[in-house]
Amino acid sequence: MHDNTVANRILVTCLGEASMTAQDRARVVELWIRVAEECRGLGNFCSLHTILSALQSPAIARLQDTWGQVSRESSRTWKKWVRREKRVSRELLVQEATSVLKTAERARQGAQERQRQQGVVPSLVRFFRSLELLDATMEDYVEGNVLNCRKWNEQFKLMEEIELLQEAANLYTVQPDEHFGVWFQAVEPLSKEESYSLSCQLEPRYHWARKIRLFFKDKKNRSGKSERPDRQWLNPQAQETFRLSVGLGRQTAGPGFQLHC
């Protein structure tokens, strides 16, 4: 699928160059956040969803040093679009598509020359999930051989909405960029396993061990002697204090938990 290909290109640009510093990767993340904002302005919900999902993937989300270098303005924008994307519903997509089609119809009736027309490119994930939910929760027949009209009406409504969105998407007249197309096709893809492995190489597992050592640095036990961090770490109260100090919230699984990258 095209959205999977786009998501993979995002992973490659953020992880694919080992010489990049955390600051370099942060600039790339900021760029994709700006692209996401532009996609929303163009009504391209599909690419918006893909970009936000890729940046929230385990391989990128775990890069604390990278996200720590992202500017405050970009961080605010990022959080805003994550919140708003969660509120994108089937109804909102249909409303936007209907509005675009009405605008296009008025333009045709007024004999206006068609310029670069904005359309709506939906993320069909919600529609497919709705179809799957209908199929899983509602029977085809009720009371023996009586057709379940409610189920078929709901499915027909969904198909009508998808057709409406396809019509709105066809209004786009975007000219392809040849140079971008060449680059896009030439990028070597990364599997999920490869991307996560690269992520751990860029910001290794010892990142947490370093935080633990710094947390217990110069702490003394009651006898006045420095206690080894690994022995202190066996103390559940110390574990809880450390978790709260780095923003991990309260421990609910009991003592002896493990921190992973």
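Worth saying up front: this structure is predicted, and the values here are computed from it rather than measured.

Reading guide: rules and limits
Residues numbered from 1 in each chain as written. Predicted model: local features only at pLDDT ≥ 70, side-chain atom pairs only at ≥ 80, totals over all residues. Heavy atoms only, no water. 1 Å grid on protein atoms, 1.4 Å probe; cavity = no way out; pocket = protein on both sides within 12 Å on 5 of 7 lines; lining within 4 Å. Points joined across faces, edges and corners; volume = space filled by probe spheres on them. Helix = DSSP H or I, 4+ residues; strand = E, 2+ residues; numbered from the N terminus. Nonpolar A, V, L, I, M, F, W, Y, C, P; charged D, E, K, R; others polar. Phe/Tyr/Trp six-rings, centres within 6.5 Å; stacked < 30°, edge-to-face > 60°. Buried < 20%, exposed > 50% of the residue type's maximum accessible area, 1.4 Å probe, protein only. Lys NZ or Arg CZ within 6 Å of the ring centre and 35° of its normal. Axes fitted to C-alpha atoms, helices over the stretch in contact; angles between N-to-C directions. Left-handed = near helix turned anticlockwise from the far one by under 90°. Contact = heavy atoms within 4.5 Å. Core = buried A, V, L, I, M, F, W, Y, C linked by side-chain atoms within 4.5 Å. Salt bridge = Lys/Arg side-chain N within 4 Å of Asp/Glu carboxyl O. Patch = residues over 30% accessible without salt bridge, like charges linked within 9 Å, V, L, I, M, F, W, Y side chains within 5 Å. Areas by Shrake-Rupley, 256 points an atom, 1.4 Å probe, with all protein chains shown as cover. Lys, Arg positive; Asp, Glu negative; His and termini not counted. Charge placed at Lys NZ, Arg CZ, Asp CG, Glu CD. pLDDT = per-residue confidence, 0-100.

J.: Looking at this model, I keep getting lost on the layout of surface pockets. Mind explaining?
T.: Gaps left between atoms are located by rolling a probe of water-molecule size over the structure's atoms. In this structure, the largest pocket spans a volume of roughly 860 Å³. Elements supplying a minimum of two residues to the lining of the largest pocket: helix H1 (2–15), helix H2 (22–41), helix H3 (45–55) and helix H10 (178–186). Within the lining of the largest pocket, the residues separate by chemical class into 14 nonpolar, 6 polar and 5 charged. Here the second largest pocket is characterised by a volume of approximately 500 Å³. Along its surface, the second largest pocket is lined by 19 residues, and Asn4, Ala7, Ser53, Ser57 and Lys192 are the ones closest to its centre. Listed by contribution, the elements that provide at least two residues to the lining of the second largest pocket are H1, H3, helix H4 (58–61), helix H8 (125–137) and helix H11 (192–202). With 5 residues, H1 is the largest single contributor of residues to the lining of the second largest pocket. Residue classes in the lining of the second largest pocket are distributed as 8 nonpolar, 7 polar and 4 charged.

J.: Help me understand the packing of aromatic side chains in this model?
T.: The description of an aromatic ring pair rests on the distance of the ring centres and on the angle between the ring planes. Throughout the structure, instances matching the rule amount to 4 aromatic pairs. With a centroid separation of 5.6 Å and an interplanar angle of 40°, the aromatic rings of Phe180 and Trp183 are classed as tilted. Here Trp183 and Phe180 lie together in helix H10, a separation of 3 residues that amounts to about one turn. Residue Phe180 is classed as partly exposed on the basis of its relative accessible area, which comes to 47%. Residue classification places Trp183 among the partly exposed positions, given a relative accessible area of 36%. Clustering of aromatic rings is evident, with ring pairs tying together Phe180, Trp183 and Phe184. Lying across the ring of Phe184, Arg9 places its NZ or CZ 4.8 Å from the centre. Its guanidinium or amino end placed over the ring of Trp81, Arg84 lies 5.3 Å from that ring's centre, counting from NZ or CZ.

J.: When you look at the packing of H3 against helix H6 (residues 72–86) in this model, what are you seeing that I'm missing?
T.: The packing of two helices is summarised by the inter-axis angle and the distance between the axes. For the pair H3 and H6, interaxial distance at closest approach is 11 Å and the crossing angle is 120°. Read as a crossing pair, H3 and H6 show a hand that is left-handed. Here H3 contributes Leu48, His49, Leu52 and Leu55 to the contact with H6, which in turn contributes Trp78, Trp81, Val82 and Glu85. Across the contact of H3 with H6, the residue classes break down as 6 nonpolar, 1 polar and 1 charged.

J.: It is not clear to me how the nonpolar core should be interpreted in this structure. Could you clarify?
T.: Side chains of a nonpolar character, in soluble globular proteins, are inclined to be buried together. Core analysis: the biggest nonpolar cluster contains 29 residues, and Ile10, Cys14, Leu55 and Trp67 have the highest contact counts within it. A per-element tally of this core places H2 first, with 7 residues. Once residues lying within four places of it in the same chain are set aside, the contact partners of Trp67 are Val29, Leu55, Ile60, Ala61 and Trp78. With 15 residues, the next largest nonpolar core counts Leu93, Leu101, Ile162 and Leu171 among its residues.

J.: What is the right way to look at the side chain of Glu30 in this model?
T.: Along the polypeptide, Glu30 turns up in helix H2. A relative accessible area of 8% places Glu30 in the buried class. Those residues within four positions of Glu30 in sequence are excluded, and the remaining contacts are Gln69, Val70, Ser71 and Ser74.

J.: Even after reading the chapter, I still don't get the side chain of Asn148, so can you show me in this structure?
T.: Looking at the element boundaries, Asn148 is found in the loop between strand E2 (146–147) and helix H9 (149–169). The exposure class assigned to Asn148 is buried, which follows from its relative accessible area of 10%. Once you skip the residues sitting within four places of it in the chain, Asn148 turns out to touch Met138, Glu139, Asp140, Tyr141 and Val142.

J.: Can you walk me through the pattern of salt bridges in this structure?
T.: Side chains that differ in sign of charge can pair as their charged atoms come close. Applying the stated criterion across every chain, the model contains 5 salt bridges. Glu30 is the salt-bridge partner of Arg27, the closest N and O atoms lying 2.8 Å from each other. Of this pair, Arg27 and Glu30 both sit in helix H2, separated by 3 residues, roughly a single helical turn. Sharing partners across several salt bridges, the network here consists of Asp135, Asp140 and Lys151.

J.: Looking at this structure, I do not really get a positive patch on the surface. What am I missing?
T.: A contiguous patch of positive charge, built from Lys79, Arg83, Arg84 and Arg87, is present on the exposed surface. Note that Arg87 resides in the loop between H6 and helix H7 (90–109).

J.: Mind showing me how you'd approach the confidence of the model for the protein chain here?
T.: When pLDDT is averaged along the protein chain, the result is 76, and 71% of the positions lie at 70 or above. At the level of individual helices and strands, the protein chain shows its lowest average pLDDT in helix H13 (residues 229–232), which scores 44, and its highest in H4, which scores 94. Confidence drops under a pLDDT of 50 for residues 226–234, and excluding neighbours within four residues, the segment shows 17 contacts in the predicted structure. In this model, residues 246–261 is a region of pLDDT below 50 whose contacts with residues beyond four sequence positions or in other chains number 30 contacts.

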